[in-house]
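So the chains spell out like this:
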Amino acid sequence: MKGLLHNRSTLPGALLTLVFAGAALISLFWVPYDTTVLNIADRMKLPSLAHPFGTDQFGRDILSMLMVGARTSIAVALVAVGIGMLVGVPLGLAAAARKGSLSDEIIMRTNDLVFAFPSLLIAVMITAVFGASALNAIIAIGIFNIPVFARLTRGAALTLWSREYVMAARVAGKGAARISLEHILPNVTNLLIVQGTIQFSLGILAEAGLSYVGLGAQPPTASWGRMLADSQTMISLAPHLAIFPGMAILLTVLGLNLLGDGLRDLLDPKLRRART
């Protein structure tokens with residue numbers, strides 16, 4: 001923890017992440033204004049004491065919209081990364097344990113197939129069948145995350161299967177599944193944490209992109225991507241409509257990337273030795 005706090009990139013990243021995570025948490029219980037209530041009389045007001053970030057074309061408070069949008073973006077990205085980890089990590093462990101076998105080939109070629117379809121295209125296909133929603137955005141981003149974690153886990157696990165403690169476990173009669181859970185998984189957890197942070201930031205970008213094209217969260221649910229899409233035709237009249245959600249996306253992704261870099265520096269033994 002001490003090394004984490006003293007890392008120059010980690011502290012700003014952690015602070016930015018905490019600000020937006022805190023805003024999302026607070027929005028569960030309180031927001032300055034109800035984001036579902038339209039007030040045309042107050043439409044497109046500039047930032048003021050009553051509305052620190054101004055109002056949008058429907059008279060809704062932009063600060064309140066950003067707080068609720070943070071909740072939407074973080075929830076979608078977090079669940080999507082969770083799906084990627086829960087499915088991808090076991091697949092990667094299984095592929096590494098059976099390197100060169102038919103199951104290894106099936107898992108990795110399926111990963112290659114999923115990689116061939118970007119998350120946006122997957123979202124379009126899912127939307128065509130089930131309709132646009134935040135849930136379908138989660139599924140699309142989650143599916144795209146599966147091969148990322150499967151490849152990372154397999155690559156890291158392959159380097160561990162030749163270690164002495166793994167050989168000793170095999171001599172002791174432990175099966176591949178037990179070795180993977182007891183000896184391989186704990187030693188790749190650091191890599192998974194760092195990659196999870198990176199995928200989390202990419203998930204927020206993906207959710208904003210899907211909402212921007214109408215495939216993510218649907219009105220009246222607030223979303224940063226939807227706010228950018230709605231402000232597109234009015235940016236010359238009220239630039240603050242696009243500036244604040246754009247800055248929210250930028251700062252959140254920047255914070256998560258800085259946090260991921262700091263975690264990598266802290267958890268990677270090679271980088272730790274280089275610093276000392």
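Here the structure is a predicted model, which means the values were calculated and not measured.

Draft legend 1. Quick look at the overall build of the protein. Scanning the protein from terminus to terminus reveals eleven helices and zero strands. Helices and strands appear in the protein in the N-to-C order α-α-α-α-α-α-α-α-α-α-α. Within the span of the protein, comprising 276 residues, buried residues form 43% of the whole. Summed over all atoms, the accessible surface of the protein reaches about 14100 Å², with 70% contributed by carbon and sulfur. Treating the 21 positive side-chain charges of the protein as one cloud and the 14 negative ones as another, the clouds have centres 10 Å apart.

Draft legend 2. Seen up close, helix H3 (residues 62-97). Compared with an ideal rise of 1.5 Å per residue, which puts 36 residues at 52 Å, H3 spans 51 Å between its outermost C-alpha atoms and is within 8% of the ideal. Approximately 25° is the largest bend angle found in H3, and it occurs at Gly 88, with the proline Pro 90 only one to four residues beyond.

Draft legend 3. Broad picture of the side chain of His 240. The residue His 240 is located in helix H10 (residues 240-267) in this model. Ignoring sequence-local partners within four residues, the contact set of His 240 consists of Met 44, Lys 45, Leu 46, Pro 47, Phe 53, Gly 54, Thr 55, Ile 62 and Pro 245.

Draft legend 4. Spatial organisation of the packing of H3 against helix H4 (residues 102-115). Across the interface, H3 lies against H4 with an axial gap of 8 Å and an inter-helix angle of 140°. As summarised for this structure, H3 and H4 are arranged oblique, according to the angle between their axes. When the axes of H3 and H4 are compared, the crossing they make is left-handed. Within the contact between the two elements, H3 uses Leu 91, Ala 94 and Ala 95 and H4 uses Asp 104, Ile 107 and Met 108. Residue classes in the contact of H3 with H4 are distributed as five nonpolar, no polar and one charged.

Draft legend 5. Quick peek at the packing of aromatic side chains. Applying the stated criterion across every chain yields a total of three aromatic pairs. Taking the centre distance of 5.9 Å and the plane angle of 75° together, the rings of Phe 20 and Trp 224 count as edge-to-face. With Phe 20 in helix H2 (residues 10-27) and Trp 224 in helix H9 (residues 224-231), this residue pair connects regions lying 204 residues apart in the sequence. On the basis of relative accessible area, Phe 20 is assigned to the buried category, the value being 14%. Aromatic side chains Phe 53 and Phe 244 sit 4.4 Å apart centroid to centroid with 10° between the ring planes, which places their arrangement in the stacked category. Taken as a pair, Phe 53 in the loop between H2 and H3 and Phe 244 in helix H10 lie far apart in primary sequence, 191 residues in all.

Draft legend 6. Representation of the confidence of the model for the protein. Averaged over all residues, the pLDDT of the protein equals 86, while 93% of them reach at least 70. Here helix H1 (residues 2-6) stands out as the element of the protein with the lowest mean pLDDT, 50, in contrast to H3, whose mean of 93 is the highest.

Draft legend 7. Representation of unusual backbone geometry in the model. Note the cis peptide between Pro 219 and Pro 220, where omega equals 10°. When you line up the elements, Pro 220 lands in the loop between helix H8 (176-212) and H9. The backbone phi angle of Met 44 is positive, close to 55°, even though this residue is not glycine. Structurally, Met 44 can be placed in the loop between H2 and H3.

Draft legend 8. Here's a closer look at the environment of Val 87. The residue Val 87 is located in helix H3 in this model. As for Val 87 and Met 108, which are separated by 21 residues in sequence, their C-alpha atoms are 13 Å apart.

Draft legend 9. Representation of the side chain of Arg 226 in the model. Residue position: Arg 226 is located in helix H9. Of the side chains with opposite charge, Asp 230 comes closest to the buried, unpaired Arg 226, at an N-O distance of 4.5 Å. Look past the residues within four positions of Arg 226 in its chain and what remains in contact with it is Ser 211, Tyr 212, Gly 214, Ala 217, Gln 218 and Pro 219.

Reading guide: rules and limits
Residues numbered from 1 in each chain as written. Predicted model: local features only at pLDDT ≥ 70, side-chain atom pairs only at ≥ 80, totals over all residues. Heavy atoms only, no water. Helix = DSSP H or I, 4+ residues; strand = E, 2+ residues; numbered from the N terminus. Buried < 20%, exposed > 50% of the residue type's maximum accessible area, 1.4 Å probe, protein only. Areas by Shrake-Rupley, 256 points an atom, 1.4 Å probe, with all protein chains shown as cover. Lys, Arg positive; Asp, Glu negative; His and termini not counted. Charge placed at Lys NZ, Arg CZ, Asp CG, Glu CD. Expected span 1.5 Å × (residues − 1). Bend = angle between axes of the 7 residues up to and from the residue. Contact = heavy atoms within 4.5 Å. Axes fitted to C-alpha atoms, helices over the stretch in contact; angles between N-to-C directions. Parallel < 35°, antiparallel > 145°, perpendicular 65-115°, else oblique. Left-handed = near helix turned anticlockwise from the far one by under 90°. Nonpolar A, V, L, I, M, F, W, Y, C, P; charged D, E, K, R; others polar. Phe/Tyr/Trp six-rings, centres within 6.5 Å; stacked < 30°, edge-to-face > 60°. pLDDT = per-residue confidence, 0-100. Salt bridge = Lys/Arg side-chain N within 4 Å of Asp/Glu carboxyl O.

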